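Fold and geometry: a report
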Amino acid sequence: MKILVVGSGGREHAIVWKLAQSPRKPQLFCAPGNAGMESLAACLPIKADDIAALKEFVIKEQIDLTVVGPEAPLALGIADEFRKAKLKIFGPTKNAARLEASKIFSKDVMATAKIPTARSQSFEKMDAALAYVDQHELPVVIKADGLAQGKGVIIATTREQAREAIIDSMEKSVFGHAGERVLVEQFLDGEELTIMAFTDGKTVVPMLPAQDHKRVGDGDTGLNTGGMGAYCPAPLGTSALRVQVTREVLQPIVVAMSRMGCPFQGVLYAGLMVVKGTPYVLEFNARMGDPETQVVLPLLKSDLIDVIEAVVEHRLDQCTVEWHDDYAVCVVMTSGGYPGAYENGKVIRGLSEGTPSATVFHAGTVRNGHDIVTAGGRVLGVTGYGKSIAEAQQEAYRRVKTLSFEGCHFRTDIAHRAVGPRA
Ligand code: AMP
Ligand code: GLY
């Protein structure tokens, strides 16, 4: 069986790594991939959003299944193009991916399906948005409607900041077209949780709950990033809460999307804020999370190919998805300066010293002769395993200590909400 994975980050390395463990021994390809995947998959010089080139390759090489990692090709309609050509693909259509690509669309569907979420109002005109925030309680959350690489959300604690966020988005176009429309949202004070689910448009199978760490600094301080680490299963996601989220969030949204004529097939990501035990949706994503994938997939006991095929063939109701009893903690190692400006090309040392209790997922790396060098803000995701979160955390940091590159930064407190900070 030949499988193509689209993307090049830590999430895609984890997907390729998991697929490679299948007893079905698939032949793996990745476009474009990174240096960490080289030993598991053939990496192709095709960009993740070059749909025409990806399709041509899949037809020529007779690839049996394509798995899409990032949101950009989904929002551009890769699943529509592939299905039209009768090619098997794991991921939602362009219309279904609007759950992530348009926060206003997502809010409208949530309202239709009566899904608990923060109160909000959408705006196409700047004056109306400015007048609205002048009356709104503080803090207030301003969100660009479209895809803005995680940067389109501003939590304003003063009216001045709120006005500035609206002007930046709607007049100065700092997020391009993505910020032409904005959502002004009530601030929710609670603890965040990620629950991803496999769905074929009918059946929903939730994965284990994970918690991301979005701020760059220890103690959740500093700028927002793509994610500095994660752990799974997060104790906040009790089995009662998981049942509640499946019943009140995941199933209703999947039903609503099907009723609207855009059934969702692939991985649905619910970003939740748990306020005094009650889950509210902050956002939906139309794909797996990064870094959450690096802690969730290692705990999947079932063969990922079987699950993906069940989704693609609309028979997820007949598939049993099983999980290991262990814990996983992922510490992201970034380039110095990230999420601001940073330099690439720094030689990474210590990669070859593997241990069975940790996996080093590559996020932004390339090969340069005999060296593997940095090529992105998030460079590595180091996942440790254990029988408790504390043990998994210890294994992750033990492996982190053996890795180095110039300017390297990482948080020292990943999983602190579950086990307290690490010295
Ligand atoms: P989003 O892309 O919508 O998930 O927003 C990015 C981050 O902003 C979230 O992970 C939260 O940390 C924060 N955030 C978004 N919406 C809200 C809200 N209504 N209240 C509080 N924090 C929020
Ligand atoms: N970890 C957040 C995301 O993947 O969007």
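Up top is the structure.
These lines cover the structure that appears in this document, whether it is placed above or below. Bear in mind the structure is a predicted one, so any value in this text is a computation, not a measurement.

**Side note on the site of ligand 2**
Around ligand 2 sit Asp212, Gly226, Tyr269, Asn285, Arg287, Gly289, Asp290, Pro291 and Glu292, and those are all the residues in its vicinity. For ligand 2, an oxygen atom lies 3.2 Å from a polar atom in the side chain of Asn285. With respect to ligand 2, the backbone of Asp290 contributes an N or O atom lying 2.9 Å from an oxygen atom. If ligand 2 stood free it would expose 200 Å²; the protein chains cover 90% of that surface. A per-class count over the shell around ligand 2 returns two nonpolar, three polar and four charged.

**Some thoughts on the nonpolar core**
Within the largest apolar cluster, 69 residues are counted, with the highest numbers of intra-cluster contacts made by Leu4, Leu99, Ile253 and Phe284. For Leu99, the contacting residues outside a window of four places in its chain are Phe105, Ser106, Val109, Ile253, Met257, Phe264, Leu268 and Phe284. If you look at the next biggest cluster of nonpolar residues, it comprises 46 residues, including Trp17, Leu65, Phe90 and Phe361.

**So, the packing of helix 1 (residues 10-20) against helix 11 (residues 304-312)**
Between helix 1 and helix 11, the shortest axis-to-axis distance is 8 Å and the interhelical angle comes to 105°. By the angle between their directions, the pair helix 1 and helix 11 is classed as roughly perpendicular. For the pair helix 1 and helix 11, contact is made by Ile15, Lys18 and Leu19 and by Leu304, Ile305 and Ile308, respectively. Of the residues contributing to the contact of helix 1 with helix 11, the split by class is five nonpolar, no polar and one charged.

**A look at the environment of Gly381**
Within the fold, Gly381 resides in strand 22 (residues 378-386). A relative accessible area of 1% places Gly381 in the buried class. Here the alpha-carbon distance between Gly381 and Gly364, two residues 17 residues apart in the chain, equals 9.7 Å. Once residues within four sequence positions are removed from consideration, Gly381 is found in contact with Cys330, Val331, Val332, Thr359, Val360 and Phe361.

**Points about the site of ligand 1**
Residues in close proximity to ligand 1 total 15 residues, the closest being Glu185, Gln186, Leu188, Glu192 and Lys214. At a separation of 3.0 Å, an oxygen atom of ligand 1 approaches a polar side-chain atom of Lys143. In this structure, Lys214 approaches ligand 1 through a side-chain N or O atom, which is 2.8 Å from an oxygen atom. Burial of ligand 1 by the protein chains amounts to 91% of its free accessible area of 470 Å². Only strand 7 (140-144), strand 8 (153-156), strand 9 (182-186) and strand 17 (278-285) provide two or more residues apiece to the shell around ligand 1. Split by residue class, the shell around ligand 1 holds eight nonpolar, one polar and six charged.

**A short note on the sheet that holds strand 16 (residues 266-275)**
Across the sheet, which stays open at both edges, the four strands sit in the order 11-10-16-17 with antiparallel pairing between neighbours. Because the sheet does not close on itself, it has two edges, and the strands there are strand 11 (204-206) and strand 17. Direction aside, the axes of adjacent strands within the sheet are offset by 35° on average.

**What about the pattern of salt bridges?**
Inspection of the entire model under this criterion finds 28 salt bridges. A salt bridge links Glu309 to Arg24; the shortest N-O distance between them is 3.1 Å. Highlighted residues: Glu309 in helix 11 and Arg24 in the loop between helix 1 and strand 2 (27-32), separated in sequence by 285 residues. The buried category is assigned to Glu309, whose relative accessible area is 13%. In this structure, Arg119 and Glu137 form a salt bridge, with 3.8 Å as the shortest nitrogen-oxygen distance. A residue pair is termed long-range when its members are at least 10 positions apart, and Arg119 in the loop between helix 6 (103-112) and strand 6 (120-123) and Glu137 in the loop between helix 7 (126-135) and strand 7 qualify at 18 residues. Given the relative accessible area of 46%, Glu137 is considered partly exposed. It is possible to trace a salt-bridge network through shared partners that takes in Glu191, Asp220, Arg411, Asp413 and Arg417.

How each quantity is defined
- In every chain, residue numbers begin from 1 and rise along the written sequence.
- The naming scheme follows written order: chains are lettered A onward, ligands numbered 1 onward.
- Confidence filtering applies because this is a predicted model: local features only for residues at pLDDT of at least 70, side-chain atom pairs given and counted only at 80 or more, and all residues used for totals across whole chains, interfaces and linings.
- With hydrogens and water excluded, all non-hydrogen atoms of the structure serve as input to the side-chain values.
- Near is defined per residue: the residue qualifies when any heavy atom it owns lies within 4 Å of the molecule or strand.
- Pairs of N or O atoms within 3.5 Å make up the polar contacts considered here, provided that, within protein, one atom can donate a hydrogen while the other can accept it, and that residues adjacent in sequence are counted only when both atoms are side-chain atoms.
- Here the accessible surface of atoms and residues is derived via Shrake-Rupley with a 1.4 Å probe, and residues count as covered only by protein chains that are part of the display.
- The classification used treats Ala, Val, Leu, Ile, Met, Phe, Trp, Tyr, Cys and Pro as nonpolar, Asp, Glu, Lys and Arg as charged, and all other residues, Gly among them, as polar.
- Buried residues of nine kinds, namely Ala, Val, Leu, Ile, Met, Phe, Trp, Tyr and Cys, make up a nonpolar core once their side-chain atoms join them within 4.5 Å.
- Buried, partly exposed and exposed residues are distinguished by accessible area as a fraction of the type maximum, computed with a 1.4 Å probe on protein chains only: under 20%, between the cut-offs, and over 50%, respectively.
- Contact definition: two residues touch when any of their heavy atoms are within 4.5 Å.
- Between the N-to-C directions of two axes lies an angle of 0 to 180 degrees, each axis being a line fitted to C-alpha atoms and, for a helix, fitted only over the stretch in contact.
- Where helices and strands are cited, they refer to DSSP runs of H or I of at least four residues and of E of at least two residues respectively, numbered from the N terminus.
- In this scheme, roughly parallel covers angles under 35 degrees and roughly antiparallel covers those over 145, while 65 to 115 is roughly perpendicular and the rest are oblique.
- Pairing between strands requires that DSSP locate at least two bridges from one strand to the other.
- Throughout this description, the term salt bridge denotes a Lys or Arg side-chain nitrogen within 4 Å of a carboxyl oxygen of Asp or Glu.

Function-wise, these values are silent; they only describe arrangement.
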